[in-house]
Amino acid sequence: MSFILWLLLLVSASCTVLELDEDTAYCNGIDLREITIREVHLHYLKGRLTVQNVTEGTLFLKDIFPKQEAIVVKRLRKHGAIILGKTNLSELSGFLTPDASHGFSCQGGATRFPYNLTGKVYGSSSGSAAAVAANLALGALGTETVGSIICPSSVTSVFGFKPTFNKRQNQGLIHVAKSLDSIGVIARTSCDTAILANAIAFRKHSLYILKNPAIGILRFPRFEASFPEHVALITHRLERLYGVRVIPNIEFTMPYEYIKNITLGIFAEFHQDMKDYLAQSPNPNLKDVRSIVEWYKTNPTTRTFQLKALKRVANLTPLEIFTFKKKLLTIKKRVREALSSLLASNSLDAIAIPSHCDLGGFTFPNIAGFPIINVPLGYSADATSISMAIFGNHNSDPLLLSLANMIETANPTPRIPPSFHQQI
């Protein structure tokens, strides 16, 4: 990982005090409407954000130095954040093949799981979640296409927030799929999460007191049979919230072929997005995905688990790229309409789902461009983290941040201390 280790001793204490009134919210006296990080708040950036050079975990991008920083990095600096460095990630965000190791990149190696060095952090914002969970920084930035913030946040027992999709906020990101990618935040508390979310946002998110919110719990029968403890804890924590109306057994299904078409649509967008980014490469032989394939062939010392999928992307015809992008656009519209209808027909403010990486229940909120937040709830009998993800409609970011704070405040969850900090 590209951590700047000599700065780690300066990590600030986390903000945990929240004062609420009807108009705004404060964290240790910081007005979230006029957010400024005035204390010594230190942060890590995922290796997809342009600051100095950025590589997506690959070796073939190491010689590209962007002309300017990502806009969210500029905003963090403006608000007083100290940037520690970049974190490891799943190479090329791990989207190209299921054979890719979660949290492994040719440049950074394997991301270590804070609670068990042989455990799996998942991805692709692996290093960001691991760094926050290990108390190396107050917070970190991550990116999400279809779960890359929520998934690693859930297994490391930290908060992870993916805001409503906003193209402007994503300037400076190496894209996997420009129409889906979002920059979000990872932190240990809901208050820290809100501070960071506001620092990078163009649209401010004031926390507020929720009056009788309605939260649905989405059904996943196979998951419920395999992980009854997770579902029981999610239901219990929500039902304990004062004034919250909990509606269990919300049903939602989408055609299975959507998953295949979503993947193909991401492939088509990556084909063009990577070509655009490589336009600034000093290497004249590195200009598109096909040239990346050739680079892998001539560099046998690197792991080439991406090669098969990269060949598939490189061989896409112009007609296929157009068709797959069009199908993805259609699916996004249908999913957005279906989820909005689900919320409206059940009079719901938000929907909760188990945050389990193998379940993938957060795929469709991401496809719709909706905001989603991971909320750690506790641990199972074998010390496995249990979390839930909550999503809402377009621009419901303040609602989700407020719900996360409400859940955390009502039932504070003691975090298990990380175990690998002594071995760095």
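Right above here is the structure, for reference.
On a predicted model such as this, the values are computed, not experimentally measured, just so you know. (Residues numbered from 1 in each chain as written. Predicted model: local features only at pLDDT ≥ 70, side-chain atom pairs only at ≥ 80, totals over all residues. Heavy atoms only, no water.)

Enquirer: I'd like a rundown of the overall build of the protein chain, residues and numbers included.
Expert: Counting its secondary structure elements, the protein chain contains 12 helices and 15 strands. When burial is assessed residue by residue, the protein chain has 60% of its 424 residues classed as buried. Expressed as a percentage of contacts within the protein chain between residues at least 6 apart in sequence, the contacts between residues at least 24 apart total 74%. For the protein chain, the computed accessible surface area is about 17700 Å², with 53% contributed by carbon and sulfur atoms. (Helix = DSSP H or I, 4+ residues; strand = E, 2+ residues; numbered from the N terminus. Buried < 20%, exposed > 50% of the residue type's maximum accessible area, 1.4 Å probe, protein only. Contact = heavy atoms within 4.5 Å. Areas by Shrake-Rupley, 256 points an atom, 1.4 Å probe, with all protein chains shown as cover.)

Enquirer: Describe the packing of aromatic side chains, and please don't skip the residues or the numbers.
Expert: Taken as a whole and assessed by the stated rule, the structure comprises five aromatic pairs. Between the aromatic rings of Phe60 and Trp295, the centroid separation amounts to 5.6 Å while the plane-to-plane angle is 65°, which identifies the pairing as edge-to-face. Of this pair, Phe60 sits in the loop between strand S4 (42-46) and helix H1 (71-78) while Trp295 sits in helix H8 (residues 289-297), and the two are 235 residues apart along the sequence. Trp295 matches Phe60 in its accessibility class, with the two residues each being buried. Geometrically, the ring pair formed by Trp295 and Tyr296 is edge-to-face, given 5.5 Å between the ring centres and 85° between the ring planes. Assigned by exposure class, Trp295 and Tyr296 land together as buried. Among the aromatic residues, ring-to-ring pairing joins Phe60, Trp295 and Tyr296 into one connected group. (Phe/Tyr/Trp six-rings, centres within 6.5 Å; stacked < 30°, edge-to-face > 60°.)

Enquirer: Describe the pattern of salt bridges, naming the residues involved and giving the relevant values.
Expert: Scanning all chains against the criterion turns up four salt bridges. The salt bridge involving Lys297 is made with Glu294; its shortest N-O contact spans 3.6 Å. With Lys297 and Glu294 both in helix H8 and three residues apart, this pair spans about one turn of that helix. For Lys297, a relative accessible area of 47% puts it in the partly exposed group. Given a relative accessible area of 42%, Glu294 falls into the partly exposed group. The residue Lys333 makes a salt bridge to Glu337 at a minimum N-O spacing of 2.7 Å. (Salt bridge = Lys/Arg side-chain N within 4 Å of Asp/Glu carboxyl O.)

Enquirer: Can you tell me about the state of the cysteines, naming the residues and giving the values?
Expert: Taken as a whole, this structure holds one disulfide when the rule is applied. Each sulfur in the disulfide pair Cys151 and Cys357 lies 1.9 Å from the other. Between Cys151 and Cys357 the sulfur-sulfur dihedral comes to about 130°; the bridge is accordingly right-handed. Of this pair, Cys151 sits in helix H3 (residues 150-155) while Cys357 sits in the loop between strand S13 (350-354) and helix H11 (363-368), and the two are 206 residues apart along the sequence. (Disulfide = S-S within 2.5 Å.)

Enquirer: Any details on the side chain of Arg75? Residues and values, ideally.
Expert: If you trace the backbone, Arg75 turns up in helix H1. Of the buried charged residues, Arg75 lacks a salt bridge, with Glu69 as the closest side chain of opposite charge at 12 Å. For Arg75, the side chain forms a polar contact with the main-chain oxygen of Ala199, separated by 3.4 Å. Once residues within four sequence positions are removed from consideration, Arg75 is found in contact with Ala199, Ile200, Ala201, Phe202 and Lys204. (Lys, Arg positive; Asp, Glu negative; His and termini not counted. Polar contact = N/O pair within 3.5 Å; in protein donor to acceptor, adjacent residues only side chain to side chain.)

Enquirer: Tell me about the nonpolar core, and name the residues and values.
Expert: If you look at the biggest cluster of nonpolar residues, it comprises 43 residues, and the most contacted ones within it are Leu76, Leu238, Ile373, Val375, Met388, Ile390 and Ile407. If you tally residues by element for this core, the top one is helix H12 (residues 397-410), at six residues. Those residues within four positions of Met388 in sequence are excluded, and the remaining contacts are Ile234, Leu238, Ala352, Ile353, Ser355, Ile373, Asn374, Val375, Leu377 and Ile407. Listed in part, the 40 residues of the second largest apolar core include Tyr122, Ile250, Ile266 and Leu348. (Core = buried A, V, L, I, M, F, W, Y, C linked by side-chain atoms within 4.5 Å.)

Enquirer: I'd like to hear about helix H10 (residues 318-345), residue by residue, with values.
Expert: The terminal C-alpha atoms of H10, which comprises 28 residues, lie 41 Å apart, in line with the 40 Å expected from a rise of 1.5 Å per residue. Regarding H10, the residues found buried are Ile321, Phe324, Leu328, Ile331, Lys332, Val335, Leu339, Leu342 and Leu343. Following H10 by one or two positions, Ser347 adopts a phi angle in the positive range, close to 50°. (Expected span 1.5 Å × (residues − 1).)

Enquirer: Could you give me a rundown of the side chain of His271, with the residues and numbers involved?
Expert: Position of His271 relative to the elements: it lies in helix H7 (residues 257-278). Under the relative-accessibility criterion, His271 is labelled buried at 19%. If we ignore the near neighbours within four places in the chain, the residues touching His271 are Val289, Val313, Ala314, Leu316 and Ile321.

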